[in-house]
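A closer look at the structure
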Amino acid sequence: QVQVVESGGGLVQAGGSLRLACQTSTSMFSFDVMGWYRQAPEKQRELVATATIGGRLNYADSVKGRFTISRDNGKNTVYLQMDSLKPEDTAVYYCTANRGRRDYWGQGTQVTVSS
């Protein structure tokens, strides 16, 4: 059973930074894509950023230039560095690990940005 566990959420003031981490229970080399999604209250879950095993990175337009996703396959961990945070970044952030047609999701970590 694959487990995906996020950490690093919290409360931060606008303009501040947070780094989220997501660790998988099995080797990250087996996952084609690692990703971060978020869901704000009363909104649909949306893509934040993805990183492929080949090193291709993708970001939502709303976070480009402020967020950075990175994979450390040796540590089975993917990170999301979030800088210049805005109140509209407030959401539960979920990590996902993709292997073929199967997606594994974490339980989420809350990020709250105060104005």
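For the structure, see preceding data.
Everything numeric in this text was worked out from a predicted model, so none of it was measured. (Residues numbered from 1 in each chain as written. Predicted model: local features only at pLDDT ≥ 70, side-chain atom pairs only at ≥ 80, totals over all residues. Heavy atoms only, no water.)

**Comments concerning the sheet that holds strand 7 (residues 67–72)**
Pairing is antiparallel in the open sheet, where 4 strands are placed in the order 1-3-8-7. Each edge of the open sheet is held by one strand with a lone partner, namely strand 1 (4–7) and strand 7. When the angles between neighbouring strand axes are averaged without regard to direction, this sheet yields 15°. Bridging between strand 1 and strand 3 (residues 18–24) involves 4 bridges; their strand directions are antiparallel. Across the sheet, Val5 pairs through a bridge with Gln23, a residue of strand 3. (Pairing = 2+ DSSP bridges. Helix = DSSP H or I, 4+ residues; strand = E, 2+ residues; numbered from the N terminus. Axes fitted to C-alpha atoms, helices over the stretch in contact; angles between N-to-C directions.)

**Topic: the environment of Leu18**
Mapped onto the fold, Leu18 is located in strand 3. Among the residues examined, Leu18 registers a relative accessible area of 15% and is labelled buried. Taking the C-alpha atoms as reference points, Leu18 and Thr77, separated by 59 residues in sequence, lie 16 Å from one another. Apart from residues no more than four positions distant in its own chain, Leu18 is found in contact with Gly8, Gly10, Val12, Leu80, Gln81, Met82, Leu85 and Val111. (Buried < 20%, exposed > 50% of the residue type's maximum accessible area, 1.4 Å probe, protein only. Contact = heavy atoms within 4.5 Å.)

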